[in-house]
Amino acid sequence: MTDARDERRPAGELEAAVMAALWAAGAPLTAGRVQAELGSGLARTTVATILTRLHEKGVVARERQGRGYAYFPVQDAPGLTARRMHTELDRDDDRETVLARFVAQLSPGDEQHLRRLLEGGE
């Protein structure tokens, strides 16, 4: 039985679930296989639409498999998060203020880690 709440989840939540399935698989998956991996009762067409959107965003790549495609992630989870952070930063004209506020809201540990990264040490 399909839970009606699954059908109304925000696109970002569905995209995250699809990406998690792709990362866990470690190999390209078709929409049908992603649907089976999710086990959430989503229609295959819904999963195919999500995969197409992710492909259009450049988050996943695809290869021909039979009459359809098999999809695989272009980046790992941290890489995707970094990409989203850059996208958000690019949306604002006042980068300096955005960066200053971002740093001001970091925990002391995260701030120290960022300083080490910026100074060239890991």
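Residues numbered from 1 in each chain as written. Predicted model: local features only at pLDDT ≥ 70, side-chain atom pairs only at ≥ 80, totals over all residues. Heavy atoms only, no water.

By the naming in an unreviewed UniProt entry, the protein chain is CopY family transcriptional regulator, taken from Streptomyces asoensis. UniProt, in its Sequence similarities (unreviewed entry) section for the protein chain, records the words "Belongs to the BlaI transcriptional regulatory family." (UniProt positions renumbered as here; feature names shortened; annotations may be inferred.)

When helices and strands are counted, the protein chain shows seven helices and three strands. Secondary structure elements in the protein chain, listed N-terminal to C-terminal, are α-α-β-α-α-β-β-α-α-α. For the protein chain, restricting intrachain contacts to residue pairs at least 6 apart in sequence, the fraction spanning at least 24 positions comes to 43%. Looking at the protein chain as shown, the accessible area adds up to about 8,500 Å², and 51% of this sits on carbon and sulfur atoms. (Helix = DSSP H or I, 4+ residues; strand = E, 2+ residues; numbered from the N terminus. Contact = heavy atoms within 4.5 Å. Areas by Shrake-Rupley, 256 points an atom, 1.4 Å probe, with all protein chains shown as cover.)

This paragraph deals with the packing of aromatic side chains. Ring pairs (aromatic) are described by centroid distance and by the angle formed between their planes. Going through the model one piece at a time under the given rule, you end up with one aromatic pair. The cationic tip of Arg62 hangs over the ring face of Tyr69; the distance from NZ or CZ to the ring centre is 3.9 Å. Just above the ring of Tyr69 sits the side chain of Arg64; from NZ or CZ to the centre is 4.4 Å. (Phe/Tyr/Trp six-rings, centres within 6.5 Å; stacked < 30°, edge-to-face > 60°. Lys NZ or Arg CZ within 6 Å of the ring centre and 35° of its normal.)

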